[in-house]
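Residue-level structure breakdown
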Amino acid sequence: MTLLQIMPDDAPEQVLLRTRDPERIGAALGAHGVVLRHWPLRTEDVPALDDQALLDLYRDEIEEVCERDAMTLVDIARLHPTPTEEWRERAAKARSTFLAEHRHGEDEVRFFAHGRGLFTLHLDDRVHAVLCEAGDLLSVPAGVRHWFDMGPQPDFAAIRFFQEEDGWVGDFTGTPIADRFPRLDELTEADR
């Protein structure tokens, strides 16, 4: 289930809100133009599907998003654990790529068909950590500073939407803010 934790951008230890309530999450994110929707899951065996089969499974929803939001490209980002050194290196590199604060020139729209990922959004003077789970579709407006953590053992499949071919390119801010805030594993540790 989706989790939202809000903290001041200068005090990561101070939790202003921590909730799994969909209405409170929607209201808090919606105030900044961030949209969180939920799609019904079509299968629990996403790792067994190839990319085309996964896209076909959600064809109607994908077409709706593309039409509504003028998206022209759709692809799949996925990592599923395998007990190999090659996978560990690939996962570590993928995780580190977007752990620093950045923004994009277009909306970042992701649907989690499997697993989870942590989008941390720097909105005004607050940091909103949004733990997206399977079934969540998150739309982050262009220009919003944020970072993404797939966790130390990435296991997810996300359908990604783009308006332009190079829309996913990150514009990194160069600030170290992301280093001070909880990562995916730290954020979820409180639930154990």
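Residues numbered from 1 in each chain as written. Predicted model: local features only at pLDDT ≥ 70, side-chain atom pairs only at ≥ 80, totals over all residues. Heavy atoms only, no water.

1. Side note on the pairing of strand S1 (residues 3–8)
The buried count for S1 comes to 6 of 6 residues, which makes it a mostly enclosed element. The two faces of S1 match: Leu3, Gln5 and Met7 on one face and Leu4, Ile6 and Pro8 on the other face are all buried. Relative to strand S7 (residues 126–133), S1 is paired through 6 bridges, and the arrangement is antiparallel. The partner of Gln5 across the bridge, within S7, is Ala129. Bridge analysis of S1 against strand S2 (residues 17–19) gives 3 bridges, and the strand direction is antiparallel. Within the sheet, the bridge partner assigned to Ile6 lies in S2 and is Leu17. (Buried < 20%, exposed > 50% of the residue type's maximum accessible area, 1.4 Å probe, protein only. Helix = DSSP H or I, 4+ residues; strand = E, 2+ residues; numbered from the N terminus. Pairing = 2+ DSSP bridges.)

2. Considerations on the pattern of salt bridges
The tally for this structure, following the rule as stated, stands at 13 salt bridges. With its nearest N and O atoms 3.0 Å apart, the salt bridge here joins Arg78 to Asp51. With Arg78 in strand S4 (residues 73–79) and Asp51 in helix H2 (residues 51–57), this pair connects stretches of sequence that are 27 residues apart. Residue Arg95 is joined to Asp149 by a salt bridge in which the shortest nitrogen-to-oxygen separation is 2.6 Å. Within this pair, whereas Arg95 is found in helix H4 (residues 85–97), its partner Asp149 is found in strand S9 (residues 145–149), the two being separated by 54 residues in sequence. On the basis of relative accessibility, which here comes to 17%, the residue Arg95 falls in the buried class. (Salt bridge = Lys/Arg side-chain N within 4 Å of Asp/Glu carboxyl O.)

3. Section: the side chain of His102
For His102, the location among the structural elements is in strand S5 (residues 102–103). Of the residues examined, His102 reaches a relative accessible area of 1% and is grouped as buried. Within the local environment of His102, its side chain forms a polar contact with the side chain of His104, the two groups lying 3.3 Å apart. Here His102 is in contact with Val144, Arg145, His146, Trp147, Phe148, Gly170, Asp171, Phe172 and Thr173, once residues within four sequence places are set aside. (Polar contact = N/O pair within 3.5 Å; in protein donor to acceptor, adjacent residues only side chain to side chain. Contact = heavy atoms within 4.5 Å.)

Shape descriptors only; they carry no functional weight alone.
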